[in-house]
Amino acid sequence: MRMTLQDWALLSLLSILWGGSFFFVAIALRDLPPLTVVALRTSLAALALIAILRIRGTPWPVAEGAIGAFCVMGFLNNLVPFSLLFWAQTMIPSGLASILNATTPIFSIVVAHFLLADERMAAGKLVGILFGFLGVVVLLGSDVANGAGFALLGMVACLGAALSYGFAAVYGRR
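Residues numbered from 1 in each chain as written. Predicted model: local features only at pLDDT ≥ 70, side-chain atom pairs only at ≥ 80, totals over all residues. Heavy atoms only, no water.

1. Some thoughts on the overall build of the protein chain
Reasoning step 1: Tallying secondary structure elements over the protein chain gives 8 helices and 0 strands in all.
Reasoning step 2: Secondary structure elements of the protein chain, listed N to C terminal, follow the sequence α-α-α-α-α-α-α-α.
Reasoning step 3: Residue pairs in contact within the protein chain that sit at least 24 positions apart in sequence constitute 77% of those at least 6 positions apart.
Reasoning step 4: A total accessible area of about 11,400 Å² is found for the protein chain, and carbon and sulfur atoms account for 73% of it.
Reasoning step 5: Separation between the mean location of the 9 positive side-chain charges and that of the 6 negative ones in the protein chain comes to 5 Å. (Helix = DSSP H or I, 4+ residues; strand = E, 2+ residues; numbered from the N terminus. Contact = heavy atoms within 4.5 Å. Areas by Shrake-Rupley, 256 points an atom, 1.4 Å probe, with all protein chains shown as cover. Lys, Arg positive; Asp, Glu negative; His and termini not counted. Charge placed at Lys NZ, Arg CZ, Asp CG, Glu CD.)

2. What about the side chain of Ser21?
Reasoning step 1: Within the fold, Ser21 resides in helix α1 (residues 5-28).
Reasoning step 2: Setting aside chain neighbours within four positions, we find Ser21 in contact with Ile16 and Arg41.

In structure tokens:
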């Protein structure tokens with residue numbers, strides 16, 4: 001499948017939004033505690049979603065079990081990773097946080113292997129994980145190897161956020 005100009009434009013917009021969020025969070029964290037930033041970000045998103053539902057005339061999704069599923073997904077895909085990432089950004093640069101967040105696909109594949117019967121580890125996936133991990137190591141460069149003063153706990157928190165995103169992906173698939 002060939003990407004159209006619209007596809008490229010949407011991908012660029014998404015990249016700006018995702019990449020820019022680390023920058024804007026770093027700015028917000030100068031004056032606000034991490035959990036306040038998490039609450040503000042998720043509240044604004046919830047208000048936007050409510051507005052979209054109203055504009056489209058779409059009813060609230062209240063089918064049996066939906067609310068519980070939304071709560072679990074919100075916990076795994078928002079509360080846990082945002083809290084960990086924003087807290088980590090009080091100790092490490094936002095660029096490092098975004099690079100460590102790039103391990104999300106790696107964790108998603110590993111979690112899927114253990115929790116989904118039809119997503120077993122194959123040689124190609126294992127090679128992809130190794131190259132993905134190697135890519136993150138290359139992006140981090142020698143700074144981490146030389147102990148450039150990055151807080152290990154902050155980096156572990158970012159990896160915990162990526163792991164939580166991996167669980168959210170698997171949960172969302174079910």
